[in-house]
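Reading the structure
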Amino acid sequence: MPTFDEVLQEAGEFGRYQKRVFSLLCMTGITFAFSFVAIVFLGQIPESYWCRSTELAELSKVCGWSPQEERNLTVPRVHAEQPEQGLCDTYDITWNASSISPLSCASPMDAFTNQSLDQLPIKSCQDGWVYEEYRTTIISQYHLVCADAWKLDLTQASLNLGFLIGALTLGYAADRYGRKVTYLISSFGVGLCGVIVAFAPNFYVLVFFRFLQGIFGKGTWMTCYVIITELVGSKQRRIVGIVVQMFFTLGVMIIPGIAYLISTWQGIQLAISLPNFVFLLYYWFIPESPRWLLIRKKKDKAMHIMGDIAKTNGRYLTPNYCQVTVSDEDVVNPSCMDLVRTPQMRKCTIILMYAWFTSAVIYQGLVMRLGIVSGSLYTDFFISAVVELPAAVIILLSIDRVGRRLPFALSNAGAGVACLITAAISKEILWLKITLATLGRLGITMAFEIVYFINTELYPTPLRNFGVSLCSGMCDLGGIIAPFLLFRLAEIWVELPLIIFGILGIICGGLVMLLPETMGISLPETIEDVENLGRPLRNEKKEKMDTAIFDGHLKSDGGRL
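These lines cover the structure that appears in this document, whether it is placed above or below. Along each chain, numbering runs from 1 in the same order as the chain's sequence is written. For this predicted model, a pLDDT threshold of at least 70 governs which residues receive local features, and a threshold of 80 or more governs which side-chain atom pairs are given and counted, while totals over whole chains, interfaces and linings are taken from all residues. Think of the side-chain values as coming from all heavy atoms in the structure, minus any hydrogens and water.

Our focus in this paragraph is the overall build of the protein chain. In this description a helix means any DSSP run of H or I spanning at least four residues, a strand means any run of E spanning at least two, and both kinds are numbered starting from the N terminus. Secondary structure assignment for the protein chain yields 25 helices and four strands. The classification of residues rests on relative accessible area computed with a 1.4 Å probe and restricted to protein chains. Under 20% of the type maximum is buried, over 50% is exposed, and intermediate values are partly exposed. Taking all 561 residues of the protein chain together, 52% fall into the buried category. Considering only contacts within the protein chain whose residues lie at least 6 apart along the sequence, 82% involve residues at least 24 apart. Working definition of accessibility: Shrake-Rupley area with a 1.4 Å probe, residue cover restricted to the visible protein chains. Surface exposure of the protein chain reaches about 25700 Å², of which carbon and sulfur atoms provide 63%. We call two residues in contact whenever any of their non-hydrogen atoms come within 4.5 Å of each other.

Our focus in this paragraph is the side chain of Glu457. Turning to its location among the elements, Glu457 is positioned in helix 21 (residues 430-457). Accessibility expressed as a relative area gives 1% for Glu457, which makes it buried. In this structure Glu457 touches Arg237, Arg404, Thr518, Leu523 and Pro524, once residues within four positions along its chain are discounted.

Here, a salt bridge means any Lys or Arg side-chain nitrogen found within 4 Å of an Asp or Glu carboxyl oxygen. Inspection of the entire model under this criterion finds three salt bridges. Notably, a salt bridge pairs Asp175 with Arg179, separated by 2.4 Å at the nearest N-O pair. Taken individually, Asp175 and Arg179 each receive the classification buried, so the pair is uniform in this respect. A salt bridge links Arg179 to Glu230, with the nearest nitrogen and oxygen atoms 2.7 Å apart. With Arg179 in helix 10 (residues 179-198) and Glu230 in helix 11 (residues 203-231), this pair connects stretches of sequence that are 51 residues apart. Note on Arg179: relative accessible area 0%, which makes it buried. Taken together, the salt bridges that share partners define one network made up of Asp175, Arg179 and Glu230.

Further remarks concern unusual backbone geometry. Backbone geometry follows two general trends: most residues other than glycine have a negative phi, and most peptide bonds adopt the trans configuration. The backbone phi angle of Lys297 is positive, close to 60°, even though this residue is not glycine. Looking at the secondary structure, you find Lys297 in the loop between helix 15 (290-295) and helix 16 (299-312). Accessibility expressed as a relative area gives 36% for Lys297, which makes it partly exposed.

With that settled, consider the side chain of Ser140. Structurally, Ser140 is set in helix 8 (residues 138-142). Pairs of N or O atoms within 3.5 Å make up the polar contacts considered here, provided that, within protein, one atom can donate a hydrogen while the other can accept it, and that residues adjacent in sequence are counted only when both atoms are side-chain atoms. Here the side chain of Ser140 touches Thr137 through a polar contact of 3.0 Å, landing on its backbone oxygen.

On to the packing of helix 9 (residues 150-177) against helix 11. Describing two packed helices takes the angle between their axes plus the distance from one axis to the other. Axis definition: a line fitted to C-alpha atoms, limited for helices to the stretch in contact. Angles are taken between N-to-C directions and run from 0 to 180 degrees. Helix 11 packs onto helix 9 with a crossing angle of 40° between their chain directions and a minimal axis gap of 6 Å. With respect to each other, helix 9 and helix 11 are oriented oblique. Helix 9 and helix 11 meet at a crossing whose hand is right-handed. We call two directions roughly parallel when the angle between them is under 35 degrees, roughly antiparallel when it is over 145, roughly perpendicular when it lies between 65 and 115, and oblique otherwise. Rotating anticlockwise by less than a right angle from the far helix to the near helix defines a left-handed crossing, while the corresponding clockwise rotation defines a right-handed one.

Here it is, written out as structure tokens:
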């Protein structure tokens, strides 16, 4: 009886049906990117802010002072060398109408007759802050400045923690209960939590639903990726795997435009959350993975979908191809132990988890440290996203010529070497540091994109969604650690983070060379298939070696046995 891959080849490996499903699911990459990078615009730092003084505000109304004049009477001049610290303090003085004369009211900087501003006592802010901004952000909404500035990091950390939990829980759910139902529930969850975030009554409600949004967001992204790769043939997997990630980059390019056009953070949050409800319509357009159905012994449903695929692609399944092979083994739910029980699975799991972690740390570290910082935030953010596009082109040109493993290793090692050289170059040669940093970001972007489909190709169908989600959870852990790793080490030596990034990348480049090559092979259906990856090559080498030894014996014996 034919295997599933043979049936898929007969029905069409990338026909009209798969292209339709692929086009629809690619939209998930855009919305996932929105959630991932939106904090840059939701938490945009106000252009200026200073301590609020109720008394001074009333006096300012009486005197008709401008905001700048009021600010000059609020921010202590003794902190001129540390302006950020000055924004968190104010003068310790009781403001009232008797404090100034009419002449001083016209000239607020001369309002004091007995002592200068430099000699006034200073205290920490107690009445909140005044913000000079033309758009609202969660910083001004919840006063996330000075002693509470760390709470802005908490909003992003909670999202990454949600990604991690989502990888473990919804990855398991997709392998046990199905890809389609997990995708639809996750899409609804992302949309609902996003709307609640926009109308959060307080900061802690916002953080909690950002956490839930991360859980469901990871469910949509990983599940849509697995559905796509399981519906196409081995020759098309590399194309769809790269292109779907290009839609993530497209989302990063789009969100600056959304943020530029909408002046409130609540409006931005709604604009990036509501599209997720549209994905609920996919119930009528996206099929369950037929590979997963066969593993779960639902052959009739799987073959019905395969019939639809063949019909839409203008093909016809003969009765022979309708008798696809179904495993006689009992259905076993995915388990973490399955990922490390056998030697090949254990090796793949450990290396892939390290690769995910390294990609996240280096990528986010380079973006935070070496991203474009001059000019408009919106323009610079767009340009930084465009820099990532060549990575996909390079992968598409090389991945089927030299295989998966070598580009994966070179991209990691190249990013690591670029980081080390950048750290060694003097700041006086700024153009060279920027160029090498850009090459490093290009390399790690390639590694990030390659690890997705290599992870998919190295796990069997019953464990694919769960395995990819679990391994990619290390990416989320790296995303949580990266900011702390960057800023804490930079306090010791500004180039030290780059050295750490470089070491991580080079080690990763060496480790991935130990993975089996997956170019041109069928997706493994069982753990035994994974264990057999690369063995034919080893057996061929062994046969050649045995033949050489045998020929040597013949020669030494004069050709006699």
